Amino acid sequence: MKICIPVTEERGMDSKVSEHFGKTPLFAFYDDEVNELEIMKIEGRHSGGGLTPAKIAVNSDADILICANIGSKAINLLRTHGVDVLMGARGTVAETLNMLKRGELTGATN
């Protein structure tokens, strides 16, 4: 399963989760099948690129997006393309993945 988490810095599993999905500068992609993490700089619309962060996440083939907060347009776009959206992420990538394992994240609502 490929998990996408918006982050504010490039520090591996210690990267801090972004509080604002639409303005996140980076995405952390974690593949739980091979236990690998990749951090990718994104050039979303808010930072001068042509795609929204939601479209970038869809194009990445992520199965799940985990974030702190997200707007309804992004939720709808992600769900339309088969990406599950979970909210309540906080702290670091490692802490967020542990929250996922413990079932502490909630499904996003419109």
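As shown above, the structure is provided for reference.
Read on for a plain summary of the structure.

Each value, and the rule that gives it
Residues numbered from 1 in each chain as written. Predicted model: local features only at pLDDT ≥ 70, side-chain atom pairs only at ≥ 80, totals over all residues. Heavy atoms only, no water. Pairing = 2+ DSSP bridges. Helix = DSSP H or I, 4+ residues; strand = E, 2+ residues; numbered from the N terminus. Buried < 20%, exposed > 50% of the residue type's maximum accessible area, 1.4 Å probe, protein only. Arc of directions from axis to C-beta. Contact = heavy atoms within 4.5 Å. Right-handed = clockwise from strand over helix to strand, strands pointing away.

### Observations regarding the sheet that holds strand S1 (residues 2-7)
One open sheet accounts for six strands, arranged S3-S2-S1-S4-S5-S6; its pairing is mixed. Only two strands of the sheet have a single partner each, and these edge strands are strand S3 (36-41) and strand S6 (106-107). Pairing between strand S2 (residues 26-31) and S3: six bridges, direction antiparallel. Across the sheet, residue Ala28 finds its bridge partner in S3, namely Ile39.

### Here's the deal with helix H2 (residues 72-80)
Side chains of residues three or four places apart in an α-helix project in the same direction, reflecting 3.6 residues per turn. Within the sequence span of H2, burial applies to Ala74, Ile75 and Leu78. Projected down its long axis, H2 shows its buried positions confined to an angular sector of 100°, all on one face. Seen from the buried face of H2, the exposed residues on the opposite side, beyond 90 degrees, are Lys73 and Thr80. On its buried face, H2 is in contact with helix H1 (53-59), strand S4 (64-67) and strand S5 (84-87).

### Examining the pairing of S4
Residues Ile64 and Ile66 of S4 are buried on one face, and the alternating residues Leu65 and Cys67, pointing to the opposite face, are buried as well. Bridging between S4 and S5 involves four bridges; their strand directions are parallel. Within S5, the position partnered with Cys67 by the bridge is Met87. Running through H2, the crossover from S4 to the neighbouring parallel element S5 is right-handed.

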